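Structural characterization, general
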Amino acid sequence: MSVDKGFELIREFERSTDPIPPFNDDGVRSVLEDISKIYQENNNHAQSFSSNRDRKLLPLVVYRHKLIQRQKRCLLAYLGNRLFRLKRLRWHVGAILPPEIKACINEPESMWFNEYSKILATYMASIHDGYGLNLTNDIKPPKSLNIEVRCLTDYGKFELDNGEIILLKKNSIHYLPKLQCEQLIRQGILEHII
């Protein structure tokens, strides 16, 4: 019986420099098996305690119960921190995870991420009297509503919200509303000139 399996799971997760490390199936399974084993031992001693009225085993039963609680807390902390990182990735990367991140999450986490994305999209669509507002555009508040951008490819015509049409040619420089060119910046069509 290893007392530190749950703690090692958390330590490994926190030491990782990846946006989200691969899900540790073996570590989680090991912690769950450890919890099950400790529970069975505790259950056997508790039954013998109730039949014999021998209080010698009571401290051991209490210790094991606390150990089970600790392992559960460690496991829940591991799973909770993974979801927290996925939530943060949704705000920074968008609704579609890159393949290298998608390969690191399991099916329930993928389902959770998709459901969180749907809820966030529904909320953003309901803002501003139904016109919607993309809250993920500006993680930091903008200093200016317009930014200077350079076109990296021949994109063609681009219509602004006010109806003005801009011709985006390679290497052309424009001063445009930030909210309207964020998507083109993410796609690599425009480059923000700082």
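Preceding block: the structure.
This report concerns the structure included in the present document.

Calculation notes
- Residues numbered from 1 in each chain as written.
- Predicted model: local features only at pLDDT ≥ 70, side-chain atom pairs only at ≥ 80, totals over all residues.
- Heavy atoms only, no water.
- Helix = DSSP H or I, 4+ residues; strand = E, 2+ residues; numbered from the N terminus.
- Rg over C-alpha atoms; globule rule 2.2 N^0.38 Å.
- Buried < 20%, exposed > 50% of the residue type's maximum accessible area, 1.4 Å probe, protein only.
- Contact = heavy atoms within 4.5 Å.
- Lys, Arg positive; Asp, Glu negative; His and termini not counted.
- Salt bridge = Lys/Arg side-chain N within 4 Å of Asp/Glu carboxyl O.
- Pairing = 2+ DSSP bridges.
- Axes fitted to C-alpha atoms, helices over the stretch in contact; angles between N-to-C directions.
- Phe/Tyr/Trp six-rings, centres within 6.5 Å; stacked < 30°, edge-to-face > 60°.

**Remarks on the overall build of the protein chain**
- Across its full length, the protein chain holds six helices and five strands.
- Starting at the N terminus and ending at the C terminus, the protein chain contains elements arranged as α-α-α-α-α-β-β-β-β-α-β.
- Its C-alpha atoms give the protein chain a radius of gyration of 26 Å, clearly above 16 Å, the size a compact globule of 194 residues would have.
- For the C-alpha atoms alone, the extent of the protein chain along its principal axes is close to 85 × 35 × 30 Å.

**Re helix α6 (residues 178-186)**
- Among the residues of α6, those classed as buried are K178, Q180, C181, E182 and L184.
- Considering only its buried residues, α6 is in contact with β1 (146-151), β2 (156-159), β3 (165-168), β4 (173-177) and β5 (190-192).
- After α6 finishes, the residue G188 shows a positive phi value of roughly 85°.

**Here's the deal with the side chain of R90**
- Residue placement: R90 occurs in helix α3 (residues 58-93).
- Buried charge R90 goes without a salt bridge, the closest partner of opposite sign being E115 at 12 Å.
- Residues within four places of R90 in sequence aside, it is in contact with A95, F113, Y116, S117, L120, M124 and T136.

**Digging into the pattern of salt bridges**
- A complete count under the given rule lists seven salt bridges for this structure.
- One salt bridge in this structure joins R29 and D26, with 3.1 Å as the shortest N-O distance. A residue pair is termed a helical-turn pair when its members lie 3 or 4 positions apart in one helix, as R29 and D26 do in helix α2 (residues 25-52) at three residues.
- Residue R29 is classed as partly exposed on the basis of its relative accessible area of 44%.
- The partner of E109 in a salt bridge is R82, and the shortest N-O contact between them spans 2.5 Å. Here the residue E109 occupies a position in helix α5 (residues 107-126), and R82 occupies one in helix α3, the gap between them amounting to 27 residues.
- The class for E109 is buried, based on a relative accessible area of 5%.

**What about the sheet that holds β1?**
- Strand order in the open sheet formed by three strands is β4-β1-β5, with antiparallel pairing between adjacent strands. Strand pairing shows two members of the sheet lacking a second neighbour, β4 and β5, which therefore form its edges. On average, each strand axis in the sheet is inclined to that of its neighbour by 45°, with strand direction left out of account.
- Of the strand pairs in this sheet, β1 and β4 are connected by five bridges, and their pairing is antiparallel. Note on β4: the bridge partner recorded for N146 is P177.

**What to know about the environment of L179**
- Here L179 lies in helix α6.
- According to the relative accessible area criterion, L179 is partly exposed, its value standing at 47%.
- With 34 residues separating them along the chain, L179 and L145 place their C-alpha atoms 7.7 Å apart.

**Examining unusual backbone geometry**
- Of note, N171 is a non-glycine position whose phi angle comes to about 70°, a positive value.
- Relative to the helices and strands, N171 is located in the loop between β3 and β4.
- On the accessibility criterion, N171 (53% relative accessible area) is exposed.

**Some words on the packing of aromatic side chains**
- Within the structure shown, the criterion is met by four aromatic pairs.
- With 5.7 Å between their ring centres and 80° between their planes, F13 and Y78 make a pair best called edge-to-face. A residue pair is termed long-range when its members are at least 10 positions apart, and F13 in helix α1 (residues 5-15) and Y78 in helix α3 qualify at 65 residues. Across the pair, exposure class does not vary: F13 and Y78 are buried alike.
- With a centroid separation of 5.9 Å and 50° between ring planes, the pair formed by F23 and Y78 is classed as tilted. With a gap of 55 residues between them, F23 in the loop between α1 and α2 and Y78 in helix α3 connect regions that are remote in the sequence. Considered together, F23 and Y78 belong to a single accessibility category, that of buried residues.

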